[in-house]
Amino acid sequence: MGLSAWLLVNATPLGINEPFPMNPRDLGVGLVLDLAYVPKGDTHLIRLAREYSIPHVDGLEILVRQALEADRIWFGDIERPTWKEILLRLRGGEYP
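Presented here is a report on the structure given in the accompanying data block. Because the structure is a prediction, the values reported are computed rather than measured. (Residues numbered from 1 in each chain as written. Predicted model: local features only at pLDDT ≥ 70, side-chain atom pairs only at ≥ 80, totals over all residues. Heavy atoms only, no water.)

What to know about the overall build of the protein
For step 1, the next point in the chain: The helix and strand tally for the protein stands at 4 helices and 3 strands.
For step 2, the next point in the chain: Listing each helix as α and each strand as β along the protein from the N terminus yields β-α-β-α-β-α-α.
For step 3, the next point in the chain: With the C-alpha coordinates aligned to their principal axes, the bounding extent of the protein is approximately 50 × 25 × 20 Å.
For step 4, the next point in the chain: For the protein, the proportion of its 96 residues judged to be buried stands at 29%.
For step 5, the next point in the chain: In the protein, the proportion of contacts linking residues at least 24 apart, taken out of those at least 6 apart, comes to 49%. (Helix = DSSP H or I, 4+ residues; strand = E, 2+ residues; numbered from the N terminus. Buried < 20%, exposed > 50% of the residue type's maximum accessible area, 1.4 Å probe, protein only. Contact = heavy atoms within 4.5 Å.)

Structural data, given as structure tokens:
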């Protein structure tokens, strides 16, 4: 009987500069959360998830969402920029 998991969470730096040691497809994973991040690119785990069409959230998105939530807690609601606009900007795009 092979391993299986519904969720794979990477909370290590594995996959930033080297191949990730597990393939989420082989584990039957339904969702990948990778807390590691590369500012202008993907970790190896995120590339694997994308290659096998596994839903995923990368570490940069998690970092941005966490930062905005902390700002909301401390300073109140903000309308802009949204987390999507910040991610777009960080990944080399622009927001209006």
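Some details on the environment of Gly59
For step 1, the next point in the chain: As for its placement among the helices and strands, Gly59 is situated in helix H3 (residues 59-75).
For step 2, the next point in the chain: Distance from Gly59 to Val38, taken between C-alpha atoms, is 8.0 Å for residues 21 residues apart in sequence.

A short note on the pattern of salt bridges
Between side chains of opposite charge, a pair can form as their charged atoms come close.
For step 1, the next point in the chain: Evaluation of the coordinates by the stated rule reveals 6 salt bridges.
For step 2, the next point in the chain: Among the ionic pairs, Arg80 bridges to Glu85, the shortest N-O distance being 2.7 Å.
For step 3, the next point in the chain: Relative accessible area serves as the criterion here: at 46%, Arg80 is assigned to the partly exposed category. (Salt bridge = Lys/Arg side-chain N within 4 Å of Asp/Glu carboxyl O.)

Some points on empty space enclosed by the protein
For step 1, the next point in the chain: Under the defined criterion, the tally for this structure stands at 1 cavity of 30 Å³ or more.
For step 2, the next point in the chain: Estimated volume of the largest cavity: approximately 40 Å³.
For step 3, the next point in the chain: Forming the walls of the largest cavity are Ala36, Tyr37, Val38, Gly41, Asp42, Thr43, Ile46, Asp58, Gly59 and Leu60. (1 Å grid on protein atoms, 1.4 Å probe; cavity = no way out; pocket = protein on both sides within 12 Å on 5 of 7 lines; lining within 4 Å. Points joined across faces, edges and corners; volume = space filled by probe spheres on them.)

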